[in-house]
Structure formats: C-alpha cells, structure tokens
Amino acid sequence: MCLNINQNKFVVTAPSNIALVKYWGKRDQQLPINQSVSFTLSNSVTSIDCEYEYSSAGLVLDFIFEGDNGLSSSSSSSSNSNSNFKTRVLKYLESLIPQYSFLNKLKLKIISKNSFPHSAGIASSASFYAALAKVIVLLKERITKQVCNLEDRLIETSYLARLGSGSASRSIYPGVVCWGESNLLKSSNEYATRIVDFHENFRDYADAILIVDDGVKSVSSSTGHQLMSNHPYKLQRIERANARSLALFEVLKSGDVKKFGEIVEAEALELHGLMMSSNPPYILLRPNSLNVIESIKKFREEESIPCCFTMDAGPNVHLLYPNSYHKAVSSFIERELAGKYILSWIEDKVCYEF
Ligand code: PMV
C-alpha cells in the first residue's frame, strides 16, 4: 500500500449525547441487547488533534488527553486513569488493524480535549470515540485514497465509534438518533440511524446538566453492561426498552411533550432500578439526586412547565425542556438547586444540524 501522505495533520470534533431510552447491556462485539434513542448535544464536545507519519515499527500511539500523556512520574489517580485510557485506545486501534491495515504503518499523535469538565455527568466516551472514529475514517481516506459517499461514510464512522463505546455510535448524527435493530425504522445493531420525523415541539430542546457529585463512579458503565448478562429482569428489560423506543417515536412525531417526559423519566428510573436489582446490586444515585428529582417535579407542577429529568449511569441529573422556557428554568435552578443540592450546572442544547 502506498502511503501517500502530504498534509499530515487535522482536527476533528464530535459531540456527546444524552440517551432518552438507554443502551444497557451488550453481547458479542459491542452489540446492544436493546434499542436506544438519544438527543445529540451542542456544547459538550471532544476535539482531537491528529498528526500522523509513516512508521516502520507498526502502529505507534502518542496519546495526550487534556494535556496529560499519562506518562507523568506523579502517581496521581488522574495520571493513572490517563495511562489506562491510553492503553484502552491503543487496544481499540490494534483491534481494527485486520480491517484497516494502514493503521499498522502509522505513528499517530492524538491530542484529545473536552469542552466540558471531567465527571460532569456527560458521556465523554461517546464524544471521544465518535471523534476517534472520524479520525480513522479521515486517515483511511487520505492514505488509501478511498472516498465513499456521505451516507456510507457516516455508517462506517458510526460503526467504528460503536466498537469503541456503544453510545458513541449515536454521536455521529445530530438531533434524534436511534441505535439498535428495529423493523419499523430499518435501524441496525451495527451502527446508529438518524430520526428525522419529529414534531416541531422537539425542534428546540435544551439540557441543563445538574452536577450532584463530580467524583469517580463506584461502578463503571462497562461493569453495569456486564451485569445485565445474568440480570434477573434481562428479558423483561429488553422488551420494555424496545417498546419504550417505539412509544417514544410516536410521541416525538405527535409532539406530546408531557408524554415525552413520562417516558423519559420512567426510563431513567428503570435504568437505576436495574442497577439496584443487579447481582451484586449497587446504587449510583446520591441523596441529592433524589432531592433534585423531587424539586423538578414540584417546579413542573407549580409552573406548568413541561420539563423532565433523565440520568445516565451516575448521580447527576439532566433536565430536558423546550428552550422557550430557558429563563424560568435557569432561575429555578439558581433559586432552588444551586448551592443546595447541586455543585454546579452546565447549559447545553440539542444540536439539530452539524
Ligand atoms: O457507551 P457506554 O458503554 O459508555 O454506555 C452508555 C450507557 C448509558 O450512558 C447509561 C446509556 C446510553 O445509552 O448512553
């Protein structure tokens, strides 16, 4: 293969996403056991600076994460976790060599930066692997001179992102995105699909990310996925999540923001219920997660604002709402939550177009 490399530097970015129906549990090569649906975010983004050159020594990775290459002599936990992260990224890239043999002839320097703080309740693995997948597709195009059409390119990028982190498959598309096989949508387990058919009521949604706890989680999402393999409610969960995705698509089409909230909240609580009923059981919610949820319910009733909460596998709460209520929601957060139940909060919005 001819390594015709001229311009050997580029930058890519990819956003995170917030799941409305959660991917929880996997099989084989990172295939989901159920369908998931998400909103792609605007401001929570990973950017990767990539520099590449020919290597006669096989794939060589120089990985710098937020200014730390994980090689520091300090034994701080952040340095250790960066070094673990580098190992995971290298393993991921090596696993792709059978399909993407050009990787084995490259020295890659990757500098990754997030626009959002660590442990902020924002899925950084989703934005990171989506960005890394873009890097691989760009490298392939530059090095092998094989360029495919836009649709195939997006499918390939989503497929590669999925192999890094399942939820990353959805970050390749803006707006509402689904991942997991469905006859109705003709969607796939291998890569995500963009949903374009939704009501204008959902065309300007915001996400206030309420940080209850910014510490490292006691149980990782990978362990959570593994615990679903022998979960006592596994079969019911698969059925319920797939049915919930279908119900959500209907609501997204009809524009019923109240029903949307009911589905999204039931799903978030079910995710945490699955953790509490795993073997061994565990709890990632903190007392203030529940205080935040109760406050949101009260605010919604008192002010008739169609906002709803969701959570990923962690203690922090995402407050989703039509952006037209931005002022009322911001003042609620400042008045009722900030400094009382939450450490800080991040304003984000759904990204509808890249
Ligand atoms: O993509 P992973 O392996 O980080 O798992 C993501 C799991 C959840 O965030 C809890 C749900 C989801 O669909 O994003």
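All values reported here derive from a predicted model rather than from experimental measurement.

Procedures and definitions
- Residues numbered from 1 in each chain as written.
- Predicted model: local features only at pLDDT ≥ 70, side-chain atom pairs only at ≥ 80, totals over all residues.
- Heavy atoms only, no water.
- Salt bridge = Lys/Arg side-chain N within 4 Å of Asp/Glu carboxyl O.
- Helix = DSSP H or I, 4+ residues; strand = E, 2+ residues; numbered from the N terminus.
- Buried < 20%, exposed > 50% of the residue type's maximum accessible area, 1.4 Å probe, protein only.
- Near = heavy atom within 4 Å.
- Polar contact = N/O pair within 3.5 Å; in protein donor to acceptor, adjacent residues only side chain to side chain.
- Areas by Shrake-Rupley, 256 points an atom, 1.4 Å probe, with all protein chains shown as cover.
- Nonpolar A, V, L, I, M, F, W, Y, C, P; charged D, E, K, R; others polar.
- Pairing = 2+ DSSP bridges.
- Axes fitted to C-alpha atoms, helices over the stretch in contact; angles between N-to-C directions.
- Contact = heavy atoms within 4.5 Å.

A. How the structure looks around the pattern of salt bridges. Applying the stated criterion across every chain yields a total of 17 salt bridges. A salt bridge links Arg 240 to Glu 270; the shortest N-O distance between them is 2.7 Å. With Arg 240 in helix 5 (residues 234-254) and Glu 270 in helix 6 (residues 257-276), this pair connects stretches of sequence that are 30 residues apart. Since its relative accessible area comes to 45%, Arg 240 is described here as partly exposed. For Glu 270, a relative accessible area of 13% corresponds to the buried category. Between Glu 303 and Arg 335 there is a salt bridge, with its nearest N and O atoms 3.7 Å apart. Taken together, the residues Glu 303 in helix 7 (residues 287-303) and Arg 335 in helix 8 (residues 326-337) connect sequence positions 32 residues apart. Here Glu 303 falls in the partly exposed class, since its relative accessible area comes to 38%.

B. Structural context of the site of the ligand. Around the ligand, the structure places Ala 19, Lys 22, Tyr 23, Trp 24, Ser 125, Ser 165, Gly 166, Ser 167, Arg 170, His 225, Asp 312 and Ala 313. His 225 places a polar side-chain atom, nitrogen or oxygen, 3.0 Å from an oxygen atom of the ligand. Protein contact buries 91% of the 380 Å² of open area that the ligand shows by itself. Residue classes in the shell around the ligand are distributed as four nonpolar, five polar and three charged.

C. Structural detail: the sheet that holds strand 9 (residues 205-211). Pairing is antiparallel in the open sheet, where four strands are placed in the order 10-11-9-12. For this open sheet the edge positions go to strand 10 (308-310) and strand 12 (344-349), each flanked by a neighbour on one side alone. Put simply, the sheet's adjacent strands are angled 25° from each other on average, direction ignored. Across six bridges, strand 9 lies against strand 12 in antiparallel orientation. Paired with Leu 210 across the bridge in strand 12 is Trp 345. The strands touched by helix 6 are strand 9, strand 10 and strand 11 (317-322); relative to strand 10, the strand with the most contacts, the crossing angle is about 25°.

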